[in-house]
Amino acid sequence: MSLLVSPPPILETAGVDPDRALEQLRAAVGGADDGELYLERSESESLVFDDGRMKGSSYDAGEGFGLRVVTGETTGYAHSSEVSEAAIARAAGSAAAVKRGYAGTADQSPRGTNARLYGEDDVVAHPPFSAKAELLVEIDAFARALDPRVVQVSASIAGERRIVEILRADGQLLRDVRPLVRLNVSVTVEREGRRETGSSGAGGRAGFEAWIQPERWQAQVREALRMALVNLDAVPAPAGEMDVVLGPGWNGVLLHEAVGHGLEGDFNRKGVSAFAGRMGQRVAAPGVTVVDDGSVPGRRGSLTIDDEGTPTNRTVLIEDGILVGYMHDRQSARLMGHAPTGNGRRQSYAHMPQTRMTNTVMLGGRDKVADMLSSTKRGLYAVNFGGGQVDITNGKFVFQCTEAYLIEDGRVTAPVKGATLIGDGPSALTRVSMIGDDFAYDPGIGVCGKGGQSVPVGIGQPSLKIGGLTVGGTAI
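All of the points below concern the structure found in this document. Small disclaimer: the values here were computed from a predicted structure and weren't measured.

**Things to note about the side chain of glutamate 264**
Here glutamate 264 shows up in the loop between helix H6 (252–260) and helix H7 (265–269). Judged by relative accessible area, which is 0%, glutamate 264 ranks as buried. At 2.9 Å, the side chain of glutamate 264 forms a polar contact with the side chain of lysine 450.

**Re helix H3 (residues 85–96)**
Taking 1.5 Å per residue, twelve residues should reach 16 Å; H3 reaches 16 Å between its end C-alpha atoms and fits that length. Taken residue by residue, H3 has Ala87, Ile88, Ala91, Ala92, Ala95 and Ala96 as its buried positions. Axial view of H3: buried residues confined to an arc of 155°, hence all on one face. Each element contacted by the buried residues of H3 is listed here: helix H1 (10–13), helix H2 (18–29), strand S1 (34–50), strand S2 (53–71) and strand S3 (74–80).

**Points about the pairing of strand S23 (residues 464–472)**
Counting buried positions along S23 yields seven of nine residues, so the element is predominantly enclosed. Bridge count between strand S8 (residues 240–246) and S23: six bridges; the pairing is antiparallel. Paired with leucine 246 across the bridge in S23 is leucine 464. Where strand S18 (residues 420–424) lies against S23, three bridges are found, and the strand directions are antiparallel. For isoleucine 422, the partnering residue across the bridge sits in S23 and is threonine 470. In this sheet, S23 lies alongside strand S19 (residues 432–435) in antiparallel orientation, the contact comprising three bridges. Note on S23: the bridge partner recorded for valine 432 is isoleucine 466.

**Notes on the packing of aromatic side chains**
We describe a pair of aromatic rings using the distance from one ring centre to the other and the angle between the two ring planes. This structure, assessed with the given rule, holds five aromatic pairs. Measuring from centroid to centroid gives 5.8 Å for phenylalanine 397 and phenylalanine 399, while their planes differ by 55°, and the two rings are tilted. Phenylalanine 399 shares its class with phenylalanine 397; the two are buried. Their ring planes at 80° and their centres at 5.1 Å tell us that phenylalanine 439 and tyrosine 441 sit as a pair that is edge-to-face. A relative accessible area of 31% places phenylalanine 439 in the partly exposed class. By relative accessible area, tyrosine 441 is classed as partly exposed at 29%. Just above the ring of tyrosine 118 sits the side chain of arginine 205; from NZ or CZ to the centre is 5.8 Å. Looking at arginine 346, its charged tip hangs above the ring of tyrosine 38, at a distance of 3.9 Å from the centre.

**Concerning the side chain of lysine 465**
Mapped onto the elements, lysine 465 comes out in strand S23. Side-chain polar atoms of lysine 465 contact the side chain of threonine 376, separated by 3.2 Å. Residue contacts for lysine 465: discarding those within four places in its chain leaves Asp243, Val244, Val245, Met372, Ser375, Thr376, Arg431, Val432, Ser433 and Met434.

**As for the sheet that holds S2**
Across the sheet, six strands lie side by side as S3-S2-S1-S4-S5-S6; this open sheet has antiparallel pairing. Sheet topology places S3 and strand S6 (194–204) at the edges, where each strand pairs with a single neighbour. Strand-to-strand twist of the sheet, defined as the mean angle between neighbouring strand axes without regard to direction, takes the value 20°. Bridge count for S1 against strand S4 (residues 150–167) is 14 bridges, and the pairing is antiparallel. Looking at the pairing, glutamate 40 lines up with valine 164 of S4. Its contacts with the sheet place helix H4 (residues 129–146) against S1, S2, S4 and strand S5 (173–191), and it is angled at close to 145° to S4.

**Looking at the pairing of strand S10 (residues 314–319)**
Looking at chain direction, strand S9 (residues 290–293) and S10 are connected through four bridges and run antiparallel. Bridged to aspartate 292 within S10 is threonine 315. Note that S10 and strand S11 (residues 322–323) share two bridges and pair antiparallel. Following the sheet pairing, glutamate 319 is matched in S11 by isoleucine 322.

So, how was this worked out
- Residues numbered from 1 in each chain as written.
- Predicted model: local features only at pLDDT ≥ 70, side-chain atom pairs only at ≥ 80, totals over all residues.
- Heavy atoms only, no water.
- Helix = DSSP H or I, 4+ residues; strand = E, 2+ residues; numbered from the N terminus.
- Buried < 20%, exposed > 50% of the residue type's maximum accessible area, 1.4 Å probe, protein only.
- Polar contact = N/O pair within 3.5 Å; in protein donor to acceptor, adjacent residues only side chain to side chain.
- Expected span 1.5 Å × (residues − 1).
- Arc of directions from axis to C-beta.
- Contact = heavy atoms within 4.5 Å.
- Pairing = 2+ DSSP bridges.
- Phe/Tyr/Trp six-rings, centres within 6.5 Å; stacked < 30°, edge-to-face > 60°.
- Lys NZ or Arg CZ within 6 Å of the ring centre and 35° of its normal.
- Axes fitted to C-alpha atoms, helices over the stretch in contact; angles between N-to-C directions.

Here's what the structure looks like:
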């Protein structure tokens, strides 16, 4: 059973008079375009079990605030790990310096919402540390018993609860309590001196209950083992231009990196995105619809409100191949003449909000993956991706495949190792020839970096067939 005790207000527990904090905020924001007092309190815990022993554990707790004043394209921001009237007063004075006689018209506060996309589970307190440690021991033993070729197992569990409060100059106080959990398993196998590793993970915004049920974590262990055994039989990947069939779910990371960042409003306002100035134009093949949706209950990238207080939305970015929208935080929306979309996010109180993705996905179509494969004379079936690199300004990407197979005469044949996909997002979208009916979200493990900040995100897509991608591997 989860612990659902609602945490107390941050200002009050810190001994700060909320009315006095509001006065200081109003003095700082008056005459500016926007601003807020962002308060945060968080607890997090992680445990790592590796090579038959508890390798490490950590517990962190902290609180702090950030005070922001926005004038035009300029932002004043001050933050502190001390929540006190004196610290807020100093921050207000520092952030307000950005005004320098500026007389703007303050943006309207975000609308309220009664949505509840997740509970207020205390994932650090429940289950207790001892139960989490015992679970990792059990995972290790289960994985080793599955196959004699298993030589190493690594498992980790992590949980966080973050309380966010946003005070605005009109007196509106917005609050969100955000749980986040994740369980990861990695299995290494050995045969005749060759070692290969497979991994699996899952998580989301909820208590641990769903992920620590035996059928759930055992499925992760089996998946990690399956991937490792596939890689034992993998041959060097061929190189060249070929058709590629992408598996569903996690492979949406390619969409996220190569296309999603290019659809964030700040990059388009500055004209540095490959999609800048292309609103209303065809940017993808017919049938391609891309949305960012932070309002999906329980998903890793979901938020009841973003870090500026705007309720998250389902924002259509590309519809049937036509560019129809961008993601916006409040500043991007104001400067581009659009409405905020609930995409203002920050890593912590020590960071200013930026336009960021939440759960970014391509919607499903009607094609069968079997038809994608059978219609491919020579190609690559990329089931899972690892890391990658992307240039936001032009969408050029390089992604490593962690599980991939050759397609020969319409049949999936040998698994391959060392395959990379090379291309650019805008071009790849126009080469989508088949869209699967098997849409899936990722299992809940995504982390996105931008501007020196990292935030949890979700991704998803159906199986896709893309023509003429460059596959890096061994020349043939």
